[in-house]
Amino acid sequence: DIIVNVEASVSGGKLLPVSDAIIRLGDYNAACLDDHGLFQNNECSMGGWDEWRYCAWLEAFVRVREQLDDKRTAAWTKKFIDSGDHFMPMCIDMDTCDGRIPNHATWSHVYMYRVGQIFKIADYVNIPGDAIQRIIASQTPDGCWREGQSAGGFQGTPVTHYNLTT
């Protein structure tokens, strides 16, 4: 079994099997989310990068789901779906992409899409999926998305790091 060192605040400084670490971190995430599926405060939030946290936790859930008891599975599932309900209006409102990648919104769409796949929620797959297709189509011929404006007057700076969203 692979062993991982997790922060003392989560594991008490002990070495844990990866699945135990994932479960403890998942419990921490679940405890940090309010009734709308949002991280409650700055102590729990990643300061604007929560979309990545949702995605990572969801993918970790898929890997440990068989090891979770029914109560924990139900609690985490509710949190995933509640957060999806929060992101849905953004997915519906985003009906154009001007060639500059909306990075945070794209990750929210990816998260929603995966929630829909995993929990078999058609709207969570279809609505974000349409937006993701528009975002993918906005990739420039040189293989990048653009973000923001640059001092050089270009239609934004090439951002290859965000290519990971596909």
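Worth saying up front: this structure is predicted, and the values here are computed from it rather than measured. The numbers attached to residues start from 1 for each chain and follow its sequence in the written order. Per-residue local features are limited, in this predicted model, to residues with pLDDT of at least 70; the limit for side-chain atom pairs, both in listing and counting, is 80 or more; totals at the level of whole chains, interfaces and linings are taken over all residues. As a rule here, side-chain values cover all heavy atoms of the structure and leave hydrogens and water aside.

Peer 1: Pulling in residues and values, what's your account of the pattern of salt bridges?
Peer 2: For this document, the term salt bridge refers to a Lys or Arg side-chain nitrogen within 4 Å of an Asp or Glu carboxyl oxygen. The full count for this structure, using the stated rule, is 5 salt bridges. One salt bridge connects aspartate 27 with arginine 72, and the closest N-O pair in it is separated by 2.8 Å. Of the two residues, aspartate 27 sits in helix H2 (residues 18–32) while arginine 72 sits in helix H4 (residues 70–93), which places them 45 residues apart along the sequence. Between glutamate 59 and arginine 63 there is a salt bridge; the shortest N-O distance is 3.5 Å. With glutamate 59 and arginine 63 both in helix H3 (residues 50–64) and 4 residues apart, the pair spans about one turn of that helix. For each residue, the accessible area found with a 1.4 Å probe, counting protein chains only, is set against the maximum for its type, and the residue is called buried under 20%, exposed over 50%, and partly exposed in between. A relative accessible area of 59% places arginine 63 in the exposed class. What counts as a helix is a DSSP run of H or I of at least four residues, what counts as a strand is a run of E of at least two, and both are numbered from the N terminus.

Peer 1: Give me the lowdown on the nonpolar core, citing residues and values where you can.
Peer 2: By nonpolar core we mean a set of buried residues, namely Ala, Val, Leu, Ile, Met, Phe, Trp, Tyr and Cys, connected to one another through side-chain atoms within 4.5 Å. The biggest cluster of nonpolar side chains holds 26 residues, and the ones touching the most others in it are Leu58, Phe61, Trp76, Phe80, Tyr111, Val115 and Phe119. At the level of secondary structure, the elements contributing two or more residues to this core comprise H2, H3, H4, helix H5 (103–119) and helix H6 (122–137). Per-element tally for this core: the top contributor is H5, with 7 residues. Sequence-distant contacts of valine 115, defined by excluding residues within four places in its chain, comprise Leu58, Phe80, Ile81, Lys120 and Tyr124. The contact criterion used is simple: two residues touch if any of their non-hydrogen atoms lie within 4.5 Å.

Peer 1: Give me the packing of H2 against H3: which residues, what numbers.
Peer 2: Every angle, taken between N-to-C directions, lies between 0 and 180 degrees, and every axis is a line fitted to C-alpha atoms, over only the stretch in contact when it is a helix. Contact pair H2 / H3: the axes reach a minimum separation of 10 Å and the direction vectors enclose 135°. Viewed along their axes, H2 and H3 adopt a mutual orientation that is oblique. Note that H2 runs across H3; the crossing there is left-handed. Across the interface between the two elements, Ser19, Ile22, Ile23, Gly26, Tyr28, Asn29, Ala30 and Cys32 of H2 pack against Arg53, Trp57, Ala60 and Val64 of H3. Three categories are distinguished: nonpolar for Ala, Val, Leu, Ile, Met, Phe, Trp, Tyr, Cys and Pro, charged for Asp, Glu, Lys and Arg, and polar for the others, with Gly belonging to the last. A class-by-class count of the residues in the contact of H2 with H3 yields 8 nonpolar, 3 polar and 1 charged. Working definition: roughly parallel below 35 degrees, roughly antiparallel above 145 degrees, roughly perpendicular at 65 to 115 degrees, and oblique for all remaining angles. Working rule for handedness: look at the near helix, and if it is turned counterclockwise from the far one by less than a right angle, call the crossing left-handed; if clockwise, right-handed.

Peer 1: Explain the packing of aromatic side chains to me, and be specific about the residues and the numbers.
Peer 2: Pairs were defined over the aromatic rings of Phe, Tyr and Trp, the Trp ring being its six-membered one, requiring ring centres within 6.5 Å. Orientation was assigned from the angle between planes: stacked under 30 degrees, edge-to-face over 60, tilted for the rest. In the structure shown here, the tally under the stated rule is 9 aromatic pairs. A ring pair is formed by tyrosine 54 and tyrosine 111, whose centres lie 5.0 Å apart and whose planes are at 40°; its orientation type is tilted. Highlighted residues: tyrosine 54 in helix H3 and tyrosine 111 in helix H5, separated in sequence by 57 residues. For the pair tyrosine 54 and tyrosine 111, a shared accessibility class is recorded, and that class is buried. Consider the rings of tryptophan 57 and phenylalanine 80, whose centres lie 4.4 Å apart with planes at 50°: the pair is tilted. In this pair, tryptophan 57 sits in helix H3 while phenylalanine 80 sits in helix H4, placing the two residues 23 residues apart along the sequence.

Peer 1: Residues and numbers for the side chain of arginine 53, please.
Peer 2: Mapped onto the elements, arginine 53 comes out in helix H3. Exposure remark for arginine 53: the relative accessible area of 11% places this residue in the buried category. In protein, a polar contact means a hydrogen-donor-capable atom and an acceptor-capable atom, both N or O and within 3.5 Å, with residues adjacent in sequence counting only if both atoms are side-chain atoms; elsewhere, any N or O pair within 3.5 Å suffices. A polar contact of 2.7 Å, which involves the side chain of arginine 53, links it to the side chain of asparagine 29.

Peer 1: How would you explain unusual backbone geometry if you had to name every residue and give the values?
Peer 2: Despite not being glycine, lysine 120 shows a phi value in the positive range, around 60°. Relative to the elements of secondary structure, lysine 120 occurs in the loop between H5 and H6.

Peer 1: A description of H6 should follow, citing residues and the corresponding values.
Peer 2: To estimate how far a helix should extend, the number of its residues minus one is multiplied by 1.5 Å. Its 16 residues give H6 an end-to-end C-alpha distance of 22 Å, which sits within 8% of 22 Å, the value for a rise of 1.5 Å per residue. By definition, a residue's bend is the angle between the axes fitted to the seven residues ending there and the seven starting there. Of all the bends in H6, the largest measures some 25° and sits at glycine 129. Looking at H6, one finds that the buried residues are Tyr124, Val125, Pro128, Gly129, Ala131, Ile132 and Ile135.

Distances and angles like these do not, on their own, reveal function.
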